Amino acid sequence: MSTLNKAFTVDRKGLLTEGLVMNLHSIPPGIRPEARDLLEARYPDGLSHHGLGYLFGSVSIDSVQIEIFFELIRRAHFPEAPSRYSSIFASEQLSDAIEFRERRCASEGSIWELEFPASAFRADASCLKGTVPVFELEYLAHLYWSGDSSGIDDPDWELLITPPAIVSREVG
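The rules behind the values
- Residues numbered from 1 in each chain as written.
- Predicted model: local features only at pLDDT ≥ 70, side-chain atom pairs only at ≥ 80, totals over all residues.
- Heavy atoms only, no water.
- Pairing = 2+ DSSP bridges.
- Helix = DSSP H or I, 4+ residues; strand = E, 2+ residues; numbered from the N terminus.
- Axes fitted to C-alpha atoms, helices over the stretch in contact; angles between N-to-C directions.
- Core = buried A, V, L, I, M, F, W, Y, C linked by side-chain atoms within 4.5 Å.
- Buried < 20%, exposed > 50% of the residue type's maximum accessible area, 1.4 Å probe, protein only.
- Contact = heavy atoms within 4.5 Å.
- Salt bridge = Lys/Arg side-chain N within 4 Å of Asp/Glu carboxyl O.

## Some details on the sheet that holds strand β6 (residues 157-161)
Okay, so step 1: Strand order in the open sheet made by the three strands is β3-β6-β5, with antiparallel pairing throughout. Strand pairing shows two members of the sheet lacking a second neighbour, β3 (88-90) and β5 (121-124), which therefore form its edges. Ignoring which end each strand starts from, the neighbouring axes of this sheet average 35° apart.
Okay, so step 2: As paired strands, β3 and β6 are joined by three bridges and run antiparallel to one another. By the bridge assignment for β6, I88 is matched with I161.

Following this line, the structure appears as C-alpha cells:
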C-alpha cells in the first residue's frame, strides 16, 4: 500500500466531514448543449467545488476575471499544470492553513487534514492578489504556473491537489 500525502485545508462553508472523499463534480444540468460540450472538452474529469463556484456561482467580477485570465495562461503555456477549476486547495503546513484562515477568512472556518495519493502542484497565491497593470498580471500568471514566487509579497504557497482527496480529521 502506498503512502498518502498530507496537506491542510480551510473549510469556509462547513461542508467537510471526517472520511469524506473529495471528488470532482459533473457539469450541472440546464446548460446549452454546445456550452456543455465545450466545458466537458476542457474539464473531462469534472469540476471541483472551486470550479463550480467560479463558473456557475455568483462571485466578485474582479476575482472571476483573474481566475479566467490565469486559466487561459495555463491552457496556453502550462497545459500540464492542473486547472484551478478542477483542484482542491490546501496548505503544506498546518501553520500556513491557520495563517490563511486568519488573513483570508476572517478567522472563520475549520481546518482539516487531507490525504491524497497524487503529488500536488505548488504555487504562490500572492500572484493572484492585488491590482496591477495587465502586462504585470500576465507576468504574475507565468510565475504562478511556473511555481515561482511573485517577489511582491512574502510567498503565499498553496497546493493544488488533483482529486480524489480524503478528509482525514479536523485539526483546528
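## Quick word on the sheet that holds strand β4 (residues 110-116)
Okay, so step 1: The four strands are arranged β1-β4-β7-β2 in an open sheet whose pairing can be described as antiparallel. Pairing within the sheet leaves two strands with one partner each, and these edge strands are β1 (5-11) and β2 (21-22).
Okay, so step 2: Pairing of β4 with strand β7 (residues 165-170), which is carried by four bridges, proceeds in the antiparallel orientation. Among the inter-strand pairings, E115 is bridged to a residue of β7, identified as I166.

## Quick word on the nonpolar core
Okay, so step 1: By size, the foremost hydrophobic cluster in this structure holds 18 residues, and its most contacted members are F70, F121, C127, L128, Y144, W145 and L160.
Okay, so step 2: Sorting the residues of this core by element identifies α3 (61-77), β5 and α5 (134-146) as the ones contributing at least two each.
Okay, so step 3: For this core, the element with the highest residue contribution is α5, accounting for six residues.
Okay, so step 4: Filtering out sequence-adjacent residues up to four positions away, Y144 remains in contact with F70, R84, F121, A123, D124, A125, C127, L128, E158 and L160.

## Observations concerning the pattern of salt bridges
Okay, so step 1: A full pass over the atoms with the stated rule returns twelve salt bridges.
Okay, so step 2: E71 is the partner of R74 in a salt bridge, and the nearest nitrogen-oxygen pair spans 2.8 Å. A residue pair is termed a helical-turn pair when its members lie 3 or 4 positions apart in one helix, as R74 and E71 do in helix α3 at three residues.
Okay, so step 3: Look at R74 and you get buried, because its relative accessible area is 7%.
Okay, so step 4: On the basis of relative accessible area, E71 is assigned to the buried category, the value being 3%.
Okay, so step 5: In this structure, R103 engages D156 in a salt bridge whose closest nitrogen and oxygen atoms are separated by 3.2 Å. Of this pair, R103 sits in helix α4 (residues 94-104) while D156 sits in the loop between α5 and β6, placing them 53 residues apart in sequence.
Okay, so step 6: According to the relative accessible area criterion, R103 is partly exposed, its value standing at 40%.
Okay, so step 7: Of the residues examined, D156 reaches a relative accessible area of 10% and is grouped as buried.
Okay, so step 8: When salt bridges that share partners are traced, they join K6, E113, E115 and R169 into one network.

Structural measurements only, silent on function.
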